[in-house]
Amino acid sequence: QKEVEQDPGPLSVPEGAIVSLNCTYSNSAFQYFMWYRQYSRKGPELLMYTYSSGNKEDGRFTAQVDKSSKYISLFIRDSQPSDSATYLCAMITLLSGGYNKLIFGAGTRLAVHP
Amino acid sequence: GAGVSQSPSNKVTEKGKDVELRCDPISGHTALYWYRQSLGQGLEFLIYFQGNSAPDKSGLPSDRFSAERTGGSVSTLTIQRTQQEDSAVYLCASSLDSTSYNEQFFGPGTRLTVL
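Residues numbered from 1 in each chain as written. Chains lettered and ligands numbered in written order. Predicted model: local features only at pLDDT ≥ 70, side-chain atom pairs only at ≥ 80, totals over all residues. Heavy atoms only, no water.

Caption draft 1: Quick peek at the overall build of chain A. Helices and strands together make up the secondary structure of chain A, namely zero helices and eleven strands. Oriented by its inertia axes, the alpha-carbon framework of chain A measures out at about 50 × 30 × 25 Å. For chain A, with 114 residues in total, the buried portion stands at 46%. For chain A, the exposed surface amounts to about 5,500 Å²; the carbon and sulfur share of it is 48%. For chain A, the separation between the mean place of its 11 positive charges and that of its 10 negative charges on side chains is 7 Å. (Helix = DSSP H or I, 4+ residues; strand = E, 2+ residues; numbered from the N terminus. Buried < 20%, exposed > 50% of the residue type's maximum accessible area, 1.4 Å probe, protein only. Areas by Shrake-Rupley, 256 points an atom, 1.4 Å probe, with all protein chains shown as cover. Lys, Arg positive; Asp, Glu negative; His and termini not counted. Charge placed at Lys NZ, Arg CZ, Asp CG, Glu CD.)

Spelled out as structure tokens, the structure:
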């Protein structure tokens, strides 16, 4: 079993839809939870990160963490064609010595059509 | 300012040849990471540098893979005797340091194709 599970999709939605992207994880030692966005032929870029359980909002994006269920979500409101990308969840365990090792999900491909 | 750069952007090679991939991190970033991304897969950790030393090489898939970093800056990932299963996008990232939480900034990747 992978430490982080993410449905690869693809997910296709009409413009304006609410999108829900999810990951589950098995390692309770994960401390930080991130969402990266990756456009085609580009490197991933950090979209949001959270530390504790609960919601964090940034514009049209909301990140949600439920540590008790080991489940994280990213919601995109009023989705736009420019949101079409692969979304990767990532989690960090701070190992001894303070080294932050990122563990990624497989990524979900999202297509928002006009 | 300048981000993480990688070269070449694309590399096509024949099976059995050696390849070198280069990463220039953001100036002042002491931590550097190499990942591999195969088609439809997430990012697979390969190796991590703090300064010029590599405390964690656990992700290197075989002894054909090696990496070095010089001057606390540029890093080179070398793959010897390439195999077709090495075909992937190789991504480099850097962060301010490796303690606590520091955002990792990614380069655009090198797309390696082994024929």
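Caption draft 2: Quick peek at the state of the cysteines. Residue and element names in this part refer to chain A. Overall, the coordinates contain two disulfides over all chains when judged by the stated rule. Across a sulfur-sulfur distance of 2.0 Å, cysteine 23 and cysteine 89 are joined as a disulfide pair. Disulfide cysteine 23 to cysteine 89: torsion about the S-S bond roughly -100 degrees, handedness left-handed. With cysteine 23 in strand E3 (residues 19-25) and cysteine 89 in strand E9 (residues 85-94), this residue pair connects regions lying 66 residues apart in the sequence. For cysteine 89, a relative accessible area of 0% gives the class buried. (Disulfide = S-S within 2.5 Å.)

Caption draft 3: A look at the sheet that holds strand E6 (residues 54-58) of chain A. Residues and elements named next belong to chain A. Sheet architecture is open: five strands sit in the order E1-E3-E8-E7-E6, paired in antiparallel fashion. For this open sheet the edge positions go to strand E1 (4-6) and E6, each flanked by a neighbour on one side alone. Strand-to-strand twist of the sheet, defined as the mean angle between neighbouring strand axes without regard to direction, takes the value 20 degrees. Where E6 meets strand E7 (residues 61-66), five bridges bridge the pair, whose relative direction is antiparallel. Across the sheet, residue glycine 54 finds its bridge partner in E7, namely valine 65. (Pairing = 2+ DSSP bridges. Axes fitted to C-alpha atoms, helices over the stretch in contact; angles between N-to-C directions.)

Caption draft 4: Spotlight on the interface of chain B and chain A. Tallying the contact residues gives 25 residues for chain B and 23 residues for chain A. Roughly 1,800 Å² is buried in total at the junction of chain B and chain A, and carbon and sulfur atoms are behind 52% of that figure. If you sort the residues of chain B by the area they bury against chain A, Leu43, Tyr101 and Phe106 of chain B come out on top, with a joint share of 31%. Counting the contacts that link chain B with chain A gives zero salt bridges. For the pair chain B and chain A, the number of links is three residue pairs in polar contact (both at pLDDT 80 or more). For the side of chain B that touches chain A, the class distribution of residues is nine nonpolar, twelve polar and four charged. (Contact = heavy atoms within 4.5 Å. Buried area = accessible area lost by both parts, 1.4 Å probe. Salt bridge = Lys/Arg side-chain N within 4 Å of Asp/Glu carboxyl O. Polar contact = N/O pair within 3.5 Å; in protein donor to acceptor, adjacent residues only side chain to side chain. Nonpolar A, V, L, I, M, F, W, Y, C, P; charged D, E, K, R; others polar.)

Caption draft 5: Structural context of the pairing of strand E10 (residues 100-104) of chain A. All names here are of chain A. Within E10, four of the five residues are buried, which leaves the element mostly enclosed by the surrounding structure. Bridge count for E9 against E10 is five bridges, and the pairing is antiparallel. Along E10, the bridge assignment pairs leucine 94 with asparagine 100.

Caption draft 6: Structural view of the pairing of strand E8 (residues 75-79) of chain B. Residue and element names in this part refer to chain B. The element E8 is extensively covered by neighbouring structure, given that five of its five residues are classed as buried. Sheet analysis places strand E3 (residues 19-24) next to E8, joined by five bridges and oriented antiparallel. What sits directly across from valine 19, in E8, is isoleucine 79. Across five bridges, strand E7 (residues 65-69) lies against E8 in antiparallel orientation. Across the sheet, the residue bridging to serine 66 is threonine 78, located in E8.

Caption draft 7: Spotlight on unusual backbone geometry. Each neighbour pair has its own omega, and for glycine 9 of chain A with proline 10 of chain A the value is 10 degrees, a cis peptide bond. Mapped onto the secondary structure, proline 10 of chain A falls in the loop between E1 and strand E2 (11-14). With an omega of -10 degrees, the peptide bond between serine 7 of chain B and proline 8 of chain B qualifies as cis. With respect to the element layout, proline 8 of chain B can be found in the loop between strand E1 (5-7) and strand E2 (10-13). Positive phi outside glycine occurs at arginine 81 of chain B, with the angle close to 50 degrees.

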